[in-house]
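Summary of structural features
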Amino acid sequence: MSGARQSERGDGGDSGRTLIAVGLGVAAAAFAGRHAFRLWKPLQQIIVETARRVPNPSFPAYYKGGFEAKMNKREATLILGVSSSASRTKVGEAHKRIMLLNHPDRGGSPYLAAKINEAKDLLDSSSKK
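Residues numbered from 1 in each chain as written. Predicted model: local features only at pLDDT ≥ 70, side-chain atom pairs only at ≥ 80, totals over all residues. Heavy atoms only, no water.

Looking at an unreviewed UniProt entry, one finds the protein chain named J domain-containing protein and attributed to Chiloscyllium punctatum. The protein chain has a UniProt comment under Subcellular location (unreviewed entry) that states "Mitochondrion inner membrane". (UniProt positions renumbered as here; feature names shortened; annotations may be inferred.)

**Focus: the overall build of the protein chain**
Looking only at helices and strands, the protein chain features five helices and zero strands. Reading the protein chain from its N end, one meets helices and strands in the order α-α-α-α-α. Residues classed as buried in the protein chain amount to 16% of the 129 residues present. Summarising the internal contacts of the protein chain: among those between residues at least 6 apart in sequence, 48% fall at separations of at least 24. Of the roughly 10,500 Å² of accessible surface on the protein chain, a fraction of 59% belongs to carbon and sulfur atoms. (Helix = DSSP H or I, 4+ residues; strand = E, 2+ residues; numbered from the N terminus. Buried < 20%, exposed > 50% of the residue type's maximum accessible area, 1.4 Å probe, protein only. Contact = heavy atoms within 4.5 Å. Areas by Shrake-Rupley, 256 points an atom, 1.4 Å probe, with all protein chains shown as cover.)

**Regarding the packing of aromatic side chains**
The tally for this structure, following the rule as stated, stands at one aromatic pair. Arranged with centres 5.6 Å apart and planes meeting at 70°, the rings of Phe67 and Tyr111 form a pair that is edge-to-face. Here Tyr111 lies in helix H5 (residues 110-128) and Phe67 lies in the loop between helix H2 (14-53) and helix H3 (73-80), a separation of 44 residues in the sequence. By relative accessible area, Phe67 is classed as partly exposed at 34%. (Phe/Tyr/Trp six-rings, centres within 6.5 Å; stacked < 30°, edge-to-face > 60°.)

**Remarks on H2**
If you check H2, its first and last C-alpha atoms are 56 Å apart, about what 40 residues at 1.5 Å a residue would give, namely 58 Å. Considering bend angle alone, the principal kink of H2 is centred on Trp40 and spans about 40°; proline Pro42 follows within four residues of it. (Expected span 1.5 Å × (residues − 1). Bend = angle between axes of the 7 residues up to and from the residue.)

**Considerations on the side chain of Asp124**
Along the polypeptide, Asp124 turns up in helix H5. Ignoring anything within four residues of it in the chain, the contact list for Asp124 reads Arg88 and Val91.

**Quick notes on a nonpolar patch on the surface**
There is a patch of nonpolar side chains on the surface, built from Leu39, Trp40, Leu43, Ile46 and Ile47 and spanning about 490 Å² of accessible area. Within the secondary structure layout, Trp40 lies in helix H2. (Patch = residues over 30% accessible without salt bridge, like charges linked within 9 Å, V, L, I, M, F, W, Y side chains within 5 Å. Salt bridge = Lys/Arg side-chain N within 4 Å of Asp/Glu carboxyl O.)

Following this line, the structure appears as structure tokens:
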């Protein structure tokens, strides 16, 4: 008679097995999470140490400041990345290299392009004298 009742309900004892499987799955996820949290602190230290060992970019100390109201020779040399005694050819090469990267027709900023051109003009005029 009990077998007839189970078949009438339609579960056939499967709900108990399903609950056990879900419980085991939750327990496994909890143990995995606990293990991950225990490993995180040493991994975090390793990640931070590795990040500190990564070599610095080619410009490790860049100029941290805005533009001056009126461009001076120091600012112009910082923009173009040349020395203050650079020849006109070096200034021209530096200008061309930077403008290829920052030209407004290629997605660059018109303001930066204007500042780069102003720096080139200032250094060209000072090298003429």
